[in-house]
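# Architecture at a glance
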Amino acid sequence: QVQLVESGGGLVQVGGSLRLSCAFSGSTFSINDMGWYRQAPGKERELVAGITSSGTTNYVDSVKGRFTISRDNAKSTVYLQMNSLKPEDTAVYYCNVRLYALKRSYWGQGTQVTVSS
């Protein structure tokens with residue numbers, strides 16, 4: 001049974017940092033793309049950062065220079081280091097994993113990030 005378990009969200013003050021983690025389990029197929037999305041109240045879910053199996057990364061403009069996505073393939077885990085947090089970063093953050101061999105995309109349960117001013 002495939003599982004994505006997220007951790008690391010919480011409440012932080014403006015300018016603070018958080019590190020999100022997302023561990024994938026339950027499949028022997030190789031993980032291709034991994035990413036973090038977020039959804040704020042009343043807004044659509046947006047891609048925050050993505051990373052391919054070869055380590056190529058991409059970021060939404062609003063987080064460039066502040067957030068860093070990384071992955072540990074041995075642990076099937078993706079991370080999102082978030083620095084210099086702003087109130088507009090407040091949202092539920094979801095990790096996403098794509099397995100091309102299965103033509104499937106899996107989502108984590110979501111973790112709340114709240115940045116207070």
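Since this is a predicted model, take the numbers as computed values, not measurements. (Residues numbered from 1 in each chain as written. Predicted model: local features only at pLDDT ≥ 70, side-chain atom pairs only at ≥ 80, totals over all residues. Heavy atoms only, no water.)

### Considering the packing of aromatic side chains
Within the structure shown, the criterion is met by two aromatic pairs. Between Phe-24 and Tyr-106 the ring centres are 6.0 Å apart and the planes differ by 55°, which places this aromatic pair in the tilted class. One end of the pair, Phe-24, is in strand β3 (residues 18-25); the other, Tyr-106, is in strand β10 (residues 104-107), with 82 residues separating them in the sequence. Per residue, the accessibility class of Phe-24 equals that of Tyr-106, and both read buried. An angle of 65° between the planes, with centres 4.9 Å apart, marks the rings of Tyr-37 and Trp-107 as edge-to-face. Pair noted here: Tyr-37 is in strand β4 (residues 34-39) and Trp-107 is in strand β10, with a separation of 70 residues, a long-range link. The exposure class of Trp-107 is partly exposed, given its relative accessible area of 40%. Across from the ring centre of Tyr-94, 3.8 Å away, lies the NZ or CZ of Arg-45, which sits over that ring. Sitting above the plane of the Trp-107 ring, Arg-45 keeps its charged end 4.7 Å from the centroid. (Phe/Tyr/Trp six-rings, centres within 6.5 Å; stacked < 30°, edge-to-face > 60°. Helix = DSSP H or I, 4+ residues; strand = E, 2+ residues; numbered from the N terminus. Buried < 20%, exposed > 50% of the residue type's maximum accessible area, 1.4 Å probe, protein only. Lys NZ or Arg CZ within 6 Å of the ring centre and 35° of its normal.)

### A short note on the side chain of Arg-66
Relative to the helices and strands, Arg-66 resides in the loop between β6 (57-59) and β7 (67-72). If sequence neighbours within four positions are ignored, Arg-66 has contacts with Gln-81, Met-82, Asn-83, Ser-84, Leu-85, Lys-86 and Asp-89. (Contact = heavy atoms within 4.5 Å.)

### What to know about the pattern of salt bridges
Applying the stated rule across the entire model yields four salt bridges. Of the charged contacts in the structure, one is a salt bridge between Arg-38 and Glu-46, with a shortest N-O distance of 2.7 Å. The salt bridge involving Asp-89 is made with Arg-66; its shortest N-O contact spans 2.8 Å. Here Asp-89, found in the loop between β8 (77-82) and β9 (91-99), pairs with Arg-66, found in the loop between β6 and β7; they are 23 residues apart in sequence, far enough to count as distant. According to the relative accessible area criterion, Asp-89 is buried, its value standing at 1%. Residue Arg-66 is classed as buried on the basis of its relative accessible area, which comes to 10%. Through salt bridges with shared partners, one network takes in Arg-38, Glu-46, Arg-66 and Asp-89. (Salt bridge = Lys/Arg side-chain N within 4 Å of Asp/Glu carboxyl O.)

### Let's talk about the pairing of β10
The pairing of β9 with β10 spans four bridges and is classified as antiparallel. Looking at β10, one finds that Asn-96 is bridged to Trp-107. Taking the residues between adjacent antiparallel strands as the criterion, β9 and β10 are bridged by four residues, where Lys-103 takes a positive phi near 50°. (Pairing = 2+ DSSP bridges.)

### With respect to the sheet that holds strand β1 (residues 3-7)
Strand order in this open sheet of four strands is β1-β3-β8-β7, and the pairing throughout is antiparallel. Every interior strand has two partners, whereas the edge strands, β1 and β7, have only one. If you compare each strand with its neighbour and ignore which way they point, the axes differ by 15° on average. Sheet topology places β1 next to β3; five bridges connect them, and they run antiparallel. Its bridge partner lying in β3, Val-5 is registered against Ala-23. (Axes fitted to C-alpha atoms, helices over the stretch in contact; angles between N-to-C directions.)

Remember that the coordinates give geometry; whether it matters functionally is a separate question.
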